[in-house]
Amino acid sequence: MTSETASKDCLGWAARDPSGVLSPYSFNRRAVGSDDVSITITHCGVCYADVIWTRNKHGDSKYPLVPGHEIVGIVKEVGHNVSRFKVGDHVGVGTYVNSCRDCKYCNDGLEVHCARSVYTFNAIDADGTITKGGYSSYIVVHERQVILTLLLKIWLNRYCYKIANDYPLALAAPLLCAGITVYTPMMRHKMNQPGKSVGVIGLGGLGHMAVKFGKAFGLNVTVLSTSTSKKEEALSLLGADKFVVSSDLEQMKALGKSLDFIIDTASGDHPFDAYMSLLKVAGVYVLVGFPSEVKFSPASLNIGNAPLFRFKS
């Protein structure tokens, strides 16, 4: 180990090029400021965004790149102005770590929509440094926060969240991105009505959360997948009510116009018209996945009092 490496006290895993391969990486975090919280990271969830940016799929990756934005850990140091956190608190950090703090969105507690919001990794912060994420030993963030019990009632806002000390940190991590990504549109579009039906397309991280929230809300949950490989997981482990293979035309036809809601979590390219035909009149289709393109016939939207289509909202 060189003397230069030894002075860099944050240990992480970074991608150096679009191969996305991660390897050990040492770097410095900023010094703890008067309004900052320094957090020892205990867990970090794995998100599809980590794959996107480590592999430069959007063409804007800044290497070396340390991914991770489902971060939980324990406060190890606070700045002298910090009043909401103390050493030893359990906290979480989500997809954003900064914003202008003075626009309408910031003042309304919607920092995630600020035009100058800063991603937790691969973004340029206010001081000109490139942010590095939770695949690392610790992180320093501004204390601006909201208690975690409120987190699931609003969009992911503020930068640091207090987590109840008796809540398992490993379980809290996925809520910081996957959880809030599906929960927010479910609440906004009133998908918390017991007895209603929801279809969940895809059973990755987002899909798992959508199924769990759906069951917690008392919905009849149907998982839609391209193969039977996840059938047992969907039905036995997650408790979905039905599993439909979307490539089976007969199964899809039998499900026609039967769903009140659809949450599309698939990030691979896929057709939309067949899924939209499963919605009841004026049903709601929410896309939270990341396909490279979205294609559907206008007829799927404008004939027969068609569904309300929303992109991650």
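Refer to the preceding data block for the structure.
Residues numbered from 1 in each chain as written. Predicted model: local features only at pLDDT ≥ 70, side-chain atom pairs only at ≥ 80, totals over all residues. Heavy atoms only, no water.

Novice: I'd like a description of helix 7 (residues 205–216), backed by residues and values.
Specialist: In this model, helix 7 (12 residues) spans 17 Å end to end at C-alpha, consistent with the 16 Å of a helix rising 1.5 Å per residue. Where helix 7 is concerned, the buried positions are Leu-206, Gly-207, Met-209, Ala-210, Val-211, Phe-213 and Gly-214. On its buried side, helix 7 packs onto helix 6 (178–188), strand 11 (197–201), strand 12 (220–225) and strand 14 (259–264). Just past helix 7, the residue Gly-218 takes up positive phi, approximately 85 degrees. (Helix = DSSP H or I, 4+ residues; strand = E, 2+ residues; numbered from the N terminus. Expected span 1.5 Å × (residues − 1). Buried < 20%, exposed > 50% of the residue type's maximum accessible area, 1.4 Å probe, protein only. Contact = heavy atoms within 4.5 Å.)

Novice: Give me the lowdown on unusual backbone geometry, citing residues and values where you can.
Specialist: Among all residues save glycine, negative phi is the norm, and among peptide bonds the norm is trans. Residues Tyr-63 and Pro-64 are joined by a peptide bond in cis, for which omega reads -5 degrees. Inspection of the secondary structure puts Pro-64 in the loop between helix 2 (48–54) and strand 4 (71–78). Its identity is not glycine, yet Lys-190 carries a phi of approximately 55 degrees, on the positive side. The residue Lys-190 is located in the loop between helix 6 and strand 11 in this model. On the basis of relative accessible area, Lys-190 is assigned to the exposed category, the value being 54%. For Ala-282, which is not a glycine, the phi torsion comes out positive at approximately 65 degrees. Within the element layout of this structure, Ala-282 appears in strand 15 (residues 279–287).

Don't take any of this as a statement about function, it's just geometry.
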